Amino acid sequence: MKPAEKLVGVAMGLYADYETGENVCPSNGTIARELGYGGKAPEQTVNKIVGQAA
């Protein structure tokens with residue numbers, strides 16, 4: 001697993017429902033900004049990582 005994949009996973013875990021691990025809020029865009037992913041579409045980086053895990 002790449003470091004970026006681990007980082008996104010940890011960030012999503014922090015926003016998931018504590019008991020079930022589901023219902024991750026906020027959006028992938030917000031997670032991308034909080035992790036410091038820049039560029040024109042930082043959300044695409046998170047979307048790509050999440051898509052690989054599915």
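These remarks concern the structure in this document. These figures come from a predicted structure and were not determined experimentally.

## Some words on the packing of helix H1 (residues 3–15) against helix H2 (residues 28–35)
Here comes step 1: Where H1 meets H2, the closest approach of the two axes is 11 Å, and the angle between their N-to-C directions is 120 degrees. In terms of orientation, H1 and H2 fall into the oblique class. The two elements H1 and H2 meet at a crossing, and its hand is right-handed. Residues Leu7, Val8, Ala11, Met12 and Tyr15 of H1 pack against Asn28, Ile31, Glu34 and Leu35 of H2.
Here comes step 2: In terms of residue class, the contact of H1 with H2 is built from seven nonpolar, one polar and one charged.

## Focus on the nonpolar core
Here comes step 1: Counting seven residues, the largest nonpolar core is built from Val8, Ala11, Met12, Ile31, Ala32, Val46 and Ile49.
Here comes step 2: Breaking this core down by element, the ones donating at least two residues are H1, H2 and helix H3 (42–53).
Here comes step 3: Sorting elements by how many residues they give to this core places H1 first, with three residues.
Here comes step 4: The contact partners of Met12, leaving out residues within four places of it in the chain, are Val24, Asn28, Ile31 and Val50.

The rules we used
- Residues numbered from 1 in each chain as written.
- Predicted model: local features only at pLDDT ≥ 70, side-chain atom pairs only at ≥ 80, totals over all residues.
- Heavy atoms only, no water.
- Axes fitted to C-alpha atoms, helices over the stretch in contact; angles between N-to-C directions.
- Helix = DSSP H or I, 4+ residues; strand = E, 2+ residues; numbered from the N terminus.
- Parallel < 35°, antiparallel > 145°, perpendicular 65-115°, else oblique.
- Left-handed = near helix turned anticlockwise from the far one by under 90°.
- Contact = heavy atoms within 4.5 Å.
- Nonpolar A, V, L, I, M, F, W, Y, C, P; charged D, E, K, R; others polar.
- Core = buried A, V, L, I, M, F, W, Y, C linked by side-chain atoms within 4.5 Å.
- Buried < 20%, exposed > 50% of the residue type's maximum accessible area, 1.4 Å probe, protein only.

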